[in-house]
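Residues per chain, in single letters:
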Amino acid sequence: MNKILIVEDEANMLRGLKDNLEFEGYIVDTAEEGNTGLEKLLQNKYDLILLDVMLPNISGFDICKTARKEGITTPIIMLTAKGEEIDKVLGLELGADDYITKPFSLRELLARIKAILRRTKSSGNGLINENINIQIGKLTVNFKNYEAFIDEKPVKMSHKEFEILHYLYQNANKTIDRDELMSNVWDINYDITTRTVDNFILKLRQKIENDPNQPKIIHTVHGVGYKFIF
Ligand code: CA
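What this report covers is the structure whose coordinates are included nearby. All residue numbers refer to position in the chain's written sequence, counted from 1. Confidence filtering applies because this is a predicted model: local features only for residues at pLDDT of at least 70, side-chain atom pairs given and counted only at 80 or more, and all residues used for totals across whole chains, interfaces and linings. With hydrogens and water set aside, each side-chain value is computed from the structure's full complement of heavy atoms.

What to know about the packing of helix H6 (residues 159-170) against helix H7 (residues 178-185)
Every axis corresponds to a line fitted to the C-alpha atoms, with the helix fit spanning only the stretch in contact, and the corresponding angles, defined between N-to-C directions, vary from 0 to 180 degrees. Strands here are runs of E lasting at least two residues and helices are runs of H or I lasting at least four, both read from the DSSP assignment and numbered beginning at the N terminus. Their axes nearest at 10 Å, the elements H6 and H7 cross at an angle of 125°. By the angle class used here, H6 and H7 are oblique. In terms of crossing hand, the pair formed by H6 and H7 is right-handed. Contact residues: Lys-160, Glu-163, Ile-164, Tyr-167 and Leu-168 in H6; Glu-180, Leu-181, Asn-184 and Val-185 in H7. When the residues that make up the contact of H6 with H7 are grouped by side-chain class, the tally is five nonpolar, one polar and three charged. Each angle is binned into one of four classes, with values under 35 degrees roughly parallel, values over 145 roughly antiparallel, values of 65 to 115 roughly perpendicular, and all other values oblique. Put simply, a crossing is left-handed when the front helix is turned counterclockwise from the back one by less than a right angle, and right-handed when it is turned clockwise. Contacts: residue pairs with any heavy atoms within 4.5 Å of one another. Three classes are used: nonpolar for Ala, Val, Leu, Ile, Met, Phe, Trp, Tyr, Cys and Pro, charged for Asp, Glu, Lys and Arg, and polar for all others, with Gly counted as polar.

Topic: the packing of aromatic side chains
Here a pair means two rings of Phe, Tyr or Trp (six-membered ring of Trp) with centres within 6.5 Å. Their orientation is stacked below 30 degrees between planes, edge-to-face above 60, and tilted elsewhere. According to the stated counting rule, one finds four aromatic pairs in the structure shown. Ring geometry for Tyr-169 and Phe-230: centres 5.3 Å apart, planes at 75°, overall edge-to-face. In this pair, Tyr-169 sits in helix H6 while Phe-230 sits in the segment after strand E12 (225-228), placing the two residues 61 residues apart along the sequence. Given a relative accessible area of 22%, Tyr-169 falls into the partly exposed group. Through successive ring pairs, a cluster of aromatic residues spans Phe-143, Tyr-169, Phe-228 and Phe-230. Here, a charge over a ring means that NZ of Lys or CZ of Arg falls within 6 Å of the ring centre while also lying within 35 degrees of the ring normal. Directly above the ring of Phe-200 sits Lys-203, whose terminal nitrogen or CZ lies 4.8 Å from the centroid. Accessible area is worked out with a 1.4 Å probe on protein chains only. A residue is then buried under 20% of its type maximum, exposed over 50%, and partly exposed in between.

A few points about the nonpolar core
To define a nonpolar core, start from buried Ala, Val, Leu, Ile, Met, Phe, Trp, Tyr and Cys residues and group those joined through side-chain atoms within 4.5 Å. Among the nonpolar cores identified, the biggest contains 29 residues, and Ile-136, Ile-164, Leu-165, Leu-181 and Ile-218 are the most heavily contacted of them. Looking at this core, the elements with two or more residues in it are strand E6 (134-136), strand E7 (139-142), H6, H7, helix H8 (194-208) and E12. Not counting chain neighbours up to four residues away, the residues in contact with Leu-181 comprise Ile-164, Tyr-167, Leu-168, Ile-176, Trp-186, Val-197 and Ile-201. Listed in part, the 19 residues of the second largest apolar core include Leu-51, Cys-64, Ile-72 and Ile-76.

Examining the coordination of the calcium ion
For Na, K and Ca the donor cut-off is 3.2 Å, and for all other metals it is 2.8 Å, counting N, O and S atoms only; because water is absent from this set, sites may look incomplete. On the protein side, the calcium ion has Asp-9 (OD), Asp-52 (OD) and Met-54 (O) as donor atoms, found 2.1 to 2.3 Å from it. The motif formed by the donor residues of the calcium ion, counted along the single chain, is D-x42-D-x1-M. You can see Asp-9 sitting in the loop between strand E1 (3-7) and helix H1 (11-23) and its partner Asp-52 sitting in strand E3 (residues 48-52), a full 43 residues away along the chain. Residue Asp-9 is classed as partly exposed on the basis of its relative accessible area of 31%. We classify Asp-52 as buried; its relative accessible area is 4%.

A word on the pattern of salt bridges
The term salt bridge refers to a side-chain nitrogen of Lys or Arg lying within 4 Å of a carboxyl oxygen of Asp or Glu. Tallied over the full model, the rule gives twelve salt bridges. Measuring nitrogen to oxygen at the nearest pair gives 2.7 Å for the salt bridge that ties Glu-108 to Arg-112. Here Glu-108 pairs with Arg-112, and both are found in helix H5 (residues 106-123), just four residues apart, close to one helical turn. In this structure, Lys-207 and Glu-161 form a salt bridge, with 2.5 Å as the shortest nitrogen-oxygen distance. On the criterion of sequence distance, the pair formed by Lys-207 in helix H8 and Glu-161 in helix H6 is long-range, its members being 46 residues apart. Several salt bridges share partner residues, and in doing so they unite Glu-8, Glu-10, Asp-52 and Lys-102 into one network.

Right under this line is the structure:
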């Protein structure tokens, strides 16, 4: 049974969505304010989140950004108001999976929910299909579930760290220059620098290398980028 969190401050809209989704067989949890919504999604596991943009306390955009930063990969559909064209783009850049403009038909929303659930269940959020644990140095990683462990203890890794590690893993034993890494892991619109890339590599080394100062897995190729030895 799929569990959906709705974060929406308009009482009528919230009640309507909850009733209809429950009628469709979903388990529904709700929050009416940004801070409670964020708390719930950080503490519980959902299959999908419906997230309004304009909320008391914390906006839907900030919730989305924080959730992704914390490594939460649950699909998010943003509920935007009519005419918030820029907001839609912003929402998708911040890591939302889809958006729907109010007022929307229930049928359209249900179709989007079903499409996203089907996609995420079958592809594991677009990374690797096989649900397998891979040992990379001292880190055990499951790319499909965005999970990482050291000695069976969970390790906190951001969404971006998973994506970078996954890119390196897929391109093992090849020299990867920083530009290639940037264009493949970040969206073009993000203002990132080679220093950002290097900082992520430092963080990854601390998690996978026995001695991060003497890396044996992610090697630096001076003046170019990195080489992942696997
Ligand atoms: Ca609102």
